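Inside the fold
Each chain, written out:
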Amino acid sequence: MNRAFKTLTTGILYAAVVALFAALATYLVSGLFGNLPKILLIVGLALLAAYVVADPDTVLGLFKTRGLKYGSNTVLMSVLFVAIIGAGNWFVNQHSPSFDLTANKIHTLSPQTISILKDLKQTVTVTGFFRAGEEQQAKDLLQLYAAQNSQIQYRIVDPEKDPATPRQLGIINLGTLVFQSGSNRKDVQSVTEQDFTSAILAVTSAERRKVYFVTGNGQPDPDDAQQQQGYNEAKIALQNNNYVVDALPATSSVPDDAAAVILASGTKPLLDNQKSAYADYLAKGGKMLVMSSAFSDVGDLNDLLKPLGLTFMQGITIDAANSLANNPQAPAVSRYSSAGAGSDITKGLTITLYPLAGGIQTATPAPQGITINAVASTSDQSWLQTHRDQIQFRDGDTRGPINLVVSASGKLPAPASSSPSASPSGSAPGTLIQNPTAVPTLPPASATPQASSSGAAQSAAPAATPTPIPAVTGADVNLAGGTRVVAVADTDWLSNQFLDFPQTGNRDLLVNTINYLAGNQALVSVPAKSTSPGQVLLLGSDANLILFTTALFIPLAVLVLGGFVWWQRR
Amino acid sequence: MKDAPGLAVEPDPTQAPAEADEAETTAAERRRARRTAARTRGASSRTRTLASYPLRNIGTIAGRELYSLFASPIAYLVIAFFLVMNGYLFSIILFNSQQASMSTSFADMAIILLFLAPSITMRLLSEEQRSGTIELLLTSPLRESELVLGKWLGAMGFYLVMLALTLPYPLFLLKYGSPDLGQVAGGYVGIILVGGVFLAIGLFISSLTQNQIIALAASIGVLLVLWLFQGAGQSFGSGGGASLAQYLALAPHFDSFTSGNIRLNDLVYYLSLIVIALFLAVRSVETRRWR
């Protein structure tokens with residue numbers, strides 16, 4: 001009887017252990033302290049209590065053993081010690097300073113930034129979107145900002161765990177940081193002090209600069225979110241970077257508050273008043289993004305750009321070497337010129353895409369007082385095809401590289417009288433050269449005439465789009481610094497379809513270009529710190545010297561010494 | 001440690017013989033008295049030295065441990081293996097990146113150490129237990145903490161010599177480029193701390209078993225889990241458990257050192273792990289008194 005009772009109580013103890021283990025296992029596997037783990041825990045504890053009640057002598061006897069007495073003391077001391085050390089770690093983790101050992105102090109904020117942060121009176125929230133494990137660099141930098149002023153509040157969101165927040169803020173690219181203050185917002189793609197400080201200045205500034213899209217000549221509509229050719233995504237991208245965006249009807253002159261004007265070639269020629277207005281605007285120091293696509297009527301635009309030494313070329317650029325999905329009519333560019341304006345325009349750019357593009361010719365030498373920089377060009381294997389038959393290089397075509405993005409800046413002479421050109425209007429492009437099936441969604445560049453802006457005006461922008469009543473700057477600011485023009489031989493690159501085309505950086509190209517034109521590329525002169533280590537120059541046998549010394553001679557010397565020691569002690 | 005380090009301590013020179021009344025005794029009595037006094041003094045001074053000079057005891061044990069490590073040809077093989085691996089990886093990384101940086105090399109070094117450090121610590125206390133010399137040590141007036149700390153410092157000395165042999169790497173970078181020496185120094189601070197953690201945990205595990213192979217395998221296993229704990233943290237979701245798991249992982253704390261931006265919490269984290277592991281090792285040795 002006694003043995004049977006002992007067996008029973010032992011069985012109860014085992015069952016209790018199994019139940020408690022099962023509770024822990026189910027909790028770990030499911031990740032939730034749901035009903036099953038709870039039931040198993042209660043059962044386990046009940047069985048344990050039953051064992052204690054049924055066999056108290058054994059339990060009390062355990063406590064009387066020497067091992068348990070000293071062992072529990074050791075365990076208790078260890079747990080207490082670890083807890084104290086853990087608490088110390090937690091405390092240090094809450095207020096952890098860092099020691100920047102680098103020569104360029106790349107982990108320390110510059111005095112300019114510190115001064116700006118000290119004067120900051122309004123709250124700036126920063127939301128960074130990073131995959132888990134990729135956020136450390138941004139977090140470290142934001143921590144430095146937050147340590148200077150508690151008005152800087154930040155949080156890191158992992159879109160895989162919290163998909164609602166990026167959707168709410170209209171975030172497409174991982175690695176984006178959204179700076180917000182009140183209704184102002186600026187998106188930043190790179191983790192540098194320069195960009196962060198500029199963003200803080202931009203969102204806390206009372207002034208927001210205004211960018212105009214010219215409409216009314218058959219250009220894509222900045223409010224058109226429905227059609228692939230629309231420019232609504234471009235408009236949102238600019239609004240997210242603290243610009244106020246508006247349409248500039250064909251009948252209007254350029255307002256004083258225009259920080260930049262975006263002019264795309266349309267299906268209709270420019271009106272006379274437009275030509276003279278834009279020419280006057282440029283001559284006074286205006287800033288324009290001018291775009292034309294393959295086979296479009298470029299006569300008016302060329303008249304406008306002639307004083308700057310830029311000419312849109314008739315035809316379509318074919319590039320089989322660098323193109324989207326092997327479609328030679330959609331050239332892709334991954335290497336840019338960083339000379340002059342190129343450094344601002346191409347900052348942080350990956351691949352950019354120019355479907356159904358023409359080309360741009362630059363005057364050599366450039367007109368007096370004008371600086372021209374070819375920013376993006378196609379490969380050496382490309383050409384500008386002037387005929388509309390099959391894809392083939394013929395006489396009269398221009399061999400690559402073909403300029404796709406060119407900047408021109410400087411002081412223009414006094415406004416010249418507008419001289420409307422009577423260049424023949426090209427027929428709709430893309431009708432003879434068919435798009436390869438590889439990119440079935442590629443639109444014919446301007447084959448679809450755009451409805452007037454009112455047609456798509458009702459297309460609502462996403463809810464996240466800020467719509468404040470802005471304070472804008474006047475002509476004295478907007479026209480300062482001389483004329484700046486960026487010409488792009490394509491109008492589709494910033495369309496709804498291609499602005500955020502996967503793996504491409506067209507959105508960044510647009511924002512960088514407008515920042516350059518509007519003089520907004522660096523609101524503060526935070527010195528750029530080189531974060532990459534210096535290059536190593538290895539010539540001739542240098543590599544062998546390093547490899548053999550580090551991986552052979554030094555270890556061999558250690559082995560010889562070891563052999564000597566062994567021989568001596570043998 | 002066959003000769004019980006810490007016991008062979010010199011008599012305390014501060015204890016000068018008191019010979020004031022010796023002039024009145026005969027030469028034979030003087031000699032006898034001197035011998036007796038010397039015996040008494042020797043015993044008392046030894047007891048006093050061991051009990052009152054923990055630093056000297058720790059230093060003696062560390063010195064003996066270091067000596068015994070370098071007296072063994074196996075130690076030179078361990079160093080040579082460490083240098084071949086690191087030298088090769090350093091060269092390959094340098095040739096491919098063409099950059100005067102050691103950040104990646106330090107990360108590789110830590111991984112190699114993860115497997116090599118247990119081979120240094122596996123015999124430190126398990127061998128004492130297997131051979132029975134631990135009983136001798138425990139019955140001597142030597143504290144467990146002195147024994148453990150001395151052993152760890154001996155292993156650290158060996159490790160620092162091993163690490164010093166990698167100093168030609170930054171020298172090569174200086175010759176052929178312009179490395180950020182602050183970043184390199186930060187990396188060395190980090191790798192010394194990581195090595196200290198590996199050796200402390202290895203020492204603790206060595207105190208748990210008499211079998212060196214078990215100590216080696218268990219140490220590698222524990223260090224590997226701690227190193228890779230970050231992944232486990234990410235799989236826990238975004239709650240407090242995930243933050244705790246990420247904080248406990250060894251690897252993420254290393255980045256701040258290799259980037260040249262030493263965060264106090266990372267420094268405290270590694271020092272805490274060393275202290276905890278050594279504390280547990282002391283407690284583990286202590287259990288032999290009542291087990």
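Structure: see above.
Heads up: these notes are all about the structure in this document. (Residues numbered from 1 in each chain as written. Chains lettered and ligands numbered in written order. Predicted model: local features only at pLDDT ≥ 70, side-chain atom pairs only at ≥ 80, totals over all residues.)

So, the overall build of chain B
Heads up, the condition is: Secondary structure elements follow DSSP: runs of H or I no shorter than four residues count as helices, runs of E no shorter than two count as strands, and numbering proceeds from the N terminus. Labels follow a simple rule on C-beta atoms placed from the backbone: if 20 or more others lie within 10 Å of a residue's own, it is buried; if 12 or fewer, it is exposed; otherwise it is partly exposed. The contact criterion used here is simple: two residues whose C-beta atoms, placed from the backbone, lie within 7 Å are in contact.
Each helix and strand counted, chain B has 14 helices and one strand in total. Within chain B, buried positions represent 44% of all 291 residues. A fraction of 80% describes how many contacts in chain B between residues 6 or more apart in sequence connect residues 24 or more apart.

So, the sheet that holds strand β11 (residues 316-318) of chain A
Residue and element names in this part refer to chain A. Filter applied, for reference: Two strands are said to pair when DSSP picks up at least two bridges between them.
Taken in spatial order, the three strands of this open sheet run β11-β17-β18, and their pairing is antiparallel. The two strands at the open ends of the sheet, each matched to only one other strand, are β11 and β18 (398-399). Pairing analysis gives two bridges linking strand β17 (residues 383-385) to β18, with the strands arranged antiparallel. Within β18, the position partnered with L384 by the bridge is T398.

Side note on the nonpolar core
This is how the line gets drawn: Buried Ala, Val, Leu, Ile, Met, Phe, Trp, Tyr and Cys residues whose C-beta atoms connect them within 7 Å together make up a nonpolar core.
The biggest cluster of nonpolar side chains holds 82 residues, and the ones touching the most others in it are V211, A260, V261, I262, V290, L404 and I514 of chain A. A total of seven residues in this core trace back to one element, the largest contributor, which is strand β8 (residues 258-264) of chain A.

Thoughts on the pairing of strand β20 (residues 483-488) of chain A
Residue and element names in this part refer to chain A. Along β20, six of the six residues are buried, which leaves the element largely enclosed by surrounding structure. Residues of β20 alternate between two faces, with T483, V485 and A487 on one and R484, V486 and V488 on the opposite face, all of them buried. The sheet contact formed by strand β9 (residues 287-291) and β20 spans five bridges and is parallel. Each residue of the ladder has a partner; that of M288, found in β20, is V485. Bridging between strand β19 (residues 403-410) and β20 involves six bridges; their strand directions are antiparallel. The partner of S409 across the bridge, within β20, is R484.

Some thoughts on the interface of chain A and chain B
The cut-off we apply is this: Think of it as three bins: nonpolar holds Ala, Val, Leu, Ile, Met, Phe, Trp, Tyr, Cys and Pro, charged holds Asp, Glu, Lys and Arg, and polar takes everything else, Gly as well.
The interface of chain A with chain B comprises 48 residues on the first partner and 55 residues on the second. At the level of elements, α4 (66-94), β1 (98-100) and α15 (542-569) of chain A are the ones that each hand at least two residues to the side of chain A that touches chain B. Ranked by the residues each element gives to the side of chain A that touches chain B, the list is headed by α15 of chain A, at 16 residues. Grouping the constituent residues of the side of chain A that touches chain B by class yields 26 nonpolar, 17 polar and five charged. Pairing geometry for β1 of chain A and strand β1 (residues 261-263) of chain B, over three bridges, is antiparallel. Looking at β1 of chain B, one finds that D100 of chain A is bridged to N261 of chain B.

Some words on the sheet that holds strand β3 (residues 152-157) of chain A
All names here are of chain A. Put simply, the test is: Lines fitted to the C-alpha atoms define the axes, with helices restricted to the stretch that makes contact. Angles between their N-to-C directions range from 0 to 180 degrees.
The mixed open sheet is built from four strands, whose spatial order is β3-β2-β4-β5. On the outer flanks of this sheet lie β3 and β5 (184-188), each paired with one strand and no other. Across the sheet, the mean angle from the axis of one strand to that of its neighbour is 15°, orientation sign disregarded. Pairing of strand β4 (residues 177-181) with β5 involves five bridges; the strand directions are antiparallel. The partner of F179 across the bridge, within β5, is K186. Where helix α8 (residues 193-204) meets the sheet, its contacts fall on β2 (124-129), β4 and β5, and the angle it forms with β5 comes to roughly 165°.

Side note on helix α10 (residues 212-227) of chain B
Residue and element names in this part refer to chain B. Condition: The span you would expect from a helix comes to 1.5 Å times its residue count less one.
Along its 16 residues, α10 runs 22 Å from first to last C-alpha, staying within 8% of the 22 Å computed at 1.5 Å per residue. Buried within α10 are the following residues: A215, L216, A218, S219, I220 and L223. Along its buried surface, α10 packs onto α4 (103-121), α5 (126-131) and α9 (181-206).

Describing the pairing of β5 of chain A
All names here are of chain A. Extensive coverage of β5 is indicated by the burial of five of its five residues. Burial of the side chains of β5 extends over both faces: N184, K186 and V188 are buried on one face and R185 and D187 on the other. Counting the residues between successive antiparallel strands, the hairpin from β4 to β5 contains two residues, one of them, G182, with a positive phi of roughly 60°.

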